[in-house]
Amino acid sequence: MKKIIVFASGSGSNAENIIKHFAKTKIAKVVSVFTNNASAKVIERAKNHQISVEIFSKTELLERNILQKIEKIDPDLIVLAGFLLKFPENIIEKYPNKIINIHPALLPNYGGKGMYGMHIHRAVVENKEKETGISIHFVNENYDEGAIIFQKNVALTEEDTAETVAEKIHELEQKYFPEIISRLLEE
């Protein structure tokens, strides 16, 4: 069975969805959740599924400490699911094309530092976009610039608010993220 590590910084709804999805398969298992936020709801969600949790500081991420913990697990895939820190190059170099991220917009639009969550949805609404969507991509040394693996769009209306856009994006994330992870692990 293949091993997945999930990195998350917040509520962890995508992390929990991935945990639940793979608990029902023989393809892979989420073996650990790593977070840089000691008060993140993802900690409780992971523990409810008996998944180990690693809590670390930004400094620990940038030093060799976290890479060593990852190496001990020897994952087949590292999944960033709402992880807000820039991923360190030493981990990216060690796991080329084994680290993926989900972004709540159609990259290259609305990507880069500071573009996450409601910041993106507000910008999409303010710019009167006709559509938005999700992008799943490999992680490289730059925010949201890794090779795109999958994109799915959703139509928007003039009535959409940042909150309704967030709901539409969340539905896409919940449906497609586990499917794409499965596909990558089966290749």
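Above this text you will find the structure in question.
Residues numbered from 1 in each chain as written. Predicted model: local features only at pLDDT ≥ 70, side-chain atom pairs only at ≥ 80, totals over all residues. Heavy atoms only, no water.

> Teacher, can you tell me more about the pairing of strand E2 (residues 28-35) here?
A regular strand places its side chains on the two faces of the sheet in alternate fashion. In terms of residue burial, E2 counts as a mostly covered element, since six of its eight residues are buried. Examined bridge by bridge, E2 and strand E3 (residues 52-55) share four bridges and lie parallel to one another. Bridged to Thr 35 within E3 is Ile 55. For the crossover from E2 across helix H2 (residues 41-48) to E3, the handedness is right-handed. (Buried < 20%, exposed > 50% of the residue type's maximum accessible area, 1.4 Å probe, protein only. Helix = DSSP H or I, 4+ residues; strand = E, 2+ residues; numbered from the N terminus. Pairing = 2+ DSSP bridges. Right-handed = clockwise from strand over helix to strand, strands pointing away.)

> Would you explain unusual backbone geometry in this entry?
The phi angle of most residues is negative, glycine excepted, and most peptide bonds adopt the trans form. A cis geometry characterises the amide bond from Leu 107 onward to Pro 108, with omega recorded as 15 degrees. Among the structural elements, Pro 108 can be located in the loop between strand E5 (99-103) and helix H6 (117-126). In this structure, Lys 128 is a non-glycine residue whose phi angle is positive, near 55 degrees. Mapping Lys 128 onto the fold places it in the loop between H6 and strand E6 (131-138). Using a relative accessible area of 67% as the deciding quantity, one classes Lys 128 as exposed. Although it is not a glycine, Asp 144 adopts a positive phi angle of roughly 60 degrees.

> I keep staring at the packing of aromatic side chains and nothing clicks. Help me out?
Given two aromatic rings, one states the distance between the centres and the angle between the planes to describe the pair. Applying the stated rule across the entire model yields eight aromatic pairs. Taken together, a centroid distance of 6.4 Å and an interplanar angle of 55 degrees make the contact between Phe 34 and Phe 56 tilted. You can see Phe 34 sitting in strand E2 and its partner Phe 56 sitting in the loop between E3 and helix H3 (58-62), a full 22 residues away along the chain. Residue classification places Phe 56 among the buried residues on the basis of a relative accessible area of 4%. Each member of the aromatic cluster is reached from another via a ring pair, and the members are Phe 7, Phe 34, Phe 56, Phe 83 and Phe 87. (Phe/Tyr/Trp six-rings, centres within 6.5 Å; stacked < 30°, edge-to-face > 60°.)

Structural measurements only, silent on function.
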